[in-house]
Amino acid sequence: MFNSPRSGQRYVGATTNGFGGSFVDENPLAASSVYDDGLQDPWSAAPSPSPTPVPQNNTVFNAVIADATVPAVYHRAFAAVDTAGLGEVSVNALSRVLATSTLPAATVDKIVNLVSSKPRVSKLEFFVALALVAQAQNGQDVSIEQVAALSSQNTLPEPILDLDKLQATTSTFVAPTPYRQNTIRPTPGYSDDPWSVNRYASLPPSQPFGSNTGLNPAATASTVSTVAGTGLPDFWWKRQENVKVTLLGQQGFILNRYVVYEISTERGDTVVRRYSEFTFLWDCLMRRYPFRLFPALPPKRIGADEQFLEQRRRGLARALAFVVNHPILKDDGVLAAFLTEQSFEAWRKASPVSLEEESVSKRVDKVEEMSIPSDFDQKIAAIRGKLNPLIDHWQRVCILAERIIKRQEAAAVRLPPALRKSFLPTHFNLPILSPTLPVASLPGSPTSMMSNSLSGSILGLSIPPPTSGNQGDMARLTNTLRAVIEVGEPCWRGDDCELSNGVRVGLGSVAQQVQIQSELSENRTRTLVDSTLEPLKSQRDLYLATRDLFIRHDRLAIDQVERLKKRIETNSVKLDGIRAAQKDGWAEEVERFTGLIERDQATVAAQLSRRVFIRVCLWHELRVVLHNRENTLVTQAVQNFAREERHYSENVSHIWKALEEATENMPYE
């Protein structure tokens, strides 16, 4: 019932809270947000900086390989360089494999350029390259059409490769893992707290999951809430729980196809989930914890392309990582089942889920209530005033970082004209999140581009103007230099020319060091996405989630206390009049009005308690979650970035120092 969108008013018009459109409405998972389809970044169909791994469109090579049986040597060669199991490799890795075929460097360079014009090649492109190698070894013309013909006959040729002598990567840069290694926290034991992680395992099937039915009232009343605790434990940022979301692809039939994801956490074995199961979890969390701080899910789109799916995968990973590391939400039972149950659908059918609000079952003691500062409302107003500019600025930071990483990843690969036309609006057209900060103020926006080309510098990186023609990247430069060496050997003079031989040796050193630099740059660029860009987007998501929290608060914190008090006063006056008149049947009327007054008084007491809980809850989210994450995690990201950049720069310096030493004795005459 929670997987299908619910009809309801969408909070996308002008509001009285000063935040404009909302991400949340009666269906918070389908509301308009900064991730709307109308916004180019990051969920637009228009190209965006390629993530790692880069999804490849293999339609052409699907037709080339078709359903032919691939020789075993193809798989062995690919597995030898795809050690991370990404399903794609770099041009450098392909070149190293082709170098074991003893083909001339010019032929290797031709094959590499035939199969791909990008920094990375897919598995199918890799297989086509091996088939082309076999053609060249058999003395045939190197032709993709010939490979397609052989594939249609199921006779793909086997290349002769010396994989035992495969040149190992010469890069000394170790790419840091995109997921921090943390100490696994012990799973909490059974607790009478209805939000305990393991509680669902002990509930009878007939009891609503997460409800207080059947609990010991004394134990429930004595449960101490942590809503206004002392904050987070020491060095909490070093103990963040890891979450990895992997895109497995599409399943189902033509009319009912859906995307599935593999989720890996420290809580147990990996599980497979559909996007609709993410929405079910988020719907439960939104109803049970409406006054907690957590981000919205990335949206769904009909006919989504691979680029959108990869961006959404990263958005799901960020949102899930936020929830599993939230001091309150991490112990939710539905979340625990989502992360551990192999069949979440079967678990949902066997375990009825209670959607009652958190304030119904949790108590707020006097200490927690007194922890709210006297200037609480002023602090809330200060945060509200800063949110729109912060969202605007962090959105721009993310866009600039994506642009820079994109240029570093494909610095020497000219984008096709169709891609360039859609790539620029993706990163220059920004949402007007704050009317005081126009888009034209961003360097490189469409307005500023008309009067100023991108010849300036962003974060210290010079951006050259676009040039015409295809440009080869460093890996292709390596192959071309080796081809130059082969063509120039022996010297045309016909004798043993020390000058020519010395120059060829120097060019060989250049080719070797350029290959090392290419591998180093590739590793650094890919880790930038995970270690720098994703934390920046998490910071942006944090402020978006805070804005959502305030909008939910403005909409859901409304109560009927004042109206009920007036009704109690009116009914009390009527009750006194009935008692004074004592007409026929007055005793029954007294009993009826007494019941009405008592029910209203109980409702007033409950709503006043909820009002206090909401303030305590909001203060906890701002003090513990927002304040810690917006500062500490930025510090961590900046320090990691500085450390990795220093490591990268040191390795680059070593590469060029080695080249300087290797070419020091190149002859002049």
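Residues numbered from 1 in each chain as written. Predicted model: local features only at pLDDT ≥ 70, side-chain atom pairs only at ≥ 80, totals over all residues. Heavy atoms only, no water.

If you check an unreviewed UniProt entry, the protein chain appears there as Sorting nexin MVP1 from Ephemerocybe angulata.

Trainee: Sorry, what's going on with helix H17 (residues 474–487) here?
Mentor: Structurally, the α-helix is built with 3.6 residues per turn, so residues lying three or four positions apart point the same way. Here H17 spans 20 Å end to end across 14 residues, near enough to the 20 Å set by a 1.5 Å rise per residue. Inspection of H17 places Ala475, Arg476, Thr478, Asn479, Leu481, Ala483 and Ile485 among the buried residues, and these make up the whole buried set. Residues of H17 that are buried in the fold lie against helix H3 (91–99), helix H4 (105–115) and helix H18 (498–556). (Helix = DSSP H or I, 4+ residues; strand = E, 2+ residues; numbered from the N terminus. Expected span 1.5 Å × (residues − 1). Buried < 20%, exposed > 50% of the residue type's maximum accessible area, 1.4 Å probe, protein only. Contact = heavy atoms within 4.5 Å.)

Trainee: Please clarify how unusual backbone geometry should be interpreted in this entry.
Mentor: Leaving glycine aside, a negative phi is the common case for residues, and trans is the common case for peptide bonds. Phi is positive for Thr102, close to 65°, though the residue is something other than glycine. Its location among the elements puts Thr102 in the loop between H3 and H4. With phi around 55°, Phe235 is a residue other than glycine that occupies positive phi space. With respect to the secondary-structure elements, Phe235 resides in the loop between helix H7 (217–222) and strand E3 (243–251).

Trainee: Help me out: how do you make sense of the side chain of Thr546 in this one?
Mentor: In this fold, Thr546 is placed in helix H18. Contacts of Thr546, omitting those with residues within four sequence positions, involve Leu293, Ile383, Leu387, Leu622 and Leu626.

Trainee: What is the right way to look at the pairing of strand E4 (residues 258–265) in this model?
Mentor: Across a regular strand the side chains alternate sides, sitting on one face of the sheet and then on the other. Sheet topology note: the E3/E4 ladder contains 8 bridges and is antiparallel. Following the sheet pairing, Gly249 is matched in E4 by Val260. Note that E4 and strand E5 (residues 271–274) share 4 bridges and pair antiparallel. Bridge assignment links Tyr261 to a residue of E5, and that residue is Arg273. Between E4 and E5, which pair antiparallel and follow one another directly, the connecting turn spans 5 residues. (Pairing = 2+ DSSP bridges.)

Trainee: Please explain the pattern of salt bridges as it appears in this structure.
Mentor: Close approach of charged atoms allows side chains of opposite charge to pair. In total, this model carries 29 salt bridges according to the counting rule given. A salt bridge links Arg96 to Glu519; the nearest nitrogen and oxygen atoms lie 3.3 Å apart. Within this pair, whereas Arg96 is found in helix H3, its partner Glu519 is found in helix H18, the two being separated by 423 residues in sequence. Across the pair, exposure class does not vary: Arg96 and Glu519 are buried alike. Here Arg540 and Asp541 are joined by a salt bridge, their closest N and O atoms 3.3 Å apart. For the residue pair Arg540 and Asp541, the accessibility class agrees, reading buried in each case. Connected through salt bridges with shared partners, the residues Glu310, Arg313, Arg314, Arg318, Asp530, Glu534, Arg540 and Asp541 form a single ionic network. (Salt bridge = Lys/Arg side-chain N within 4 Å of Asp/Glu carboxyl O.)

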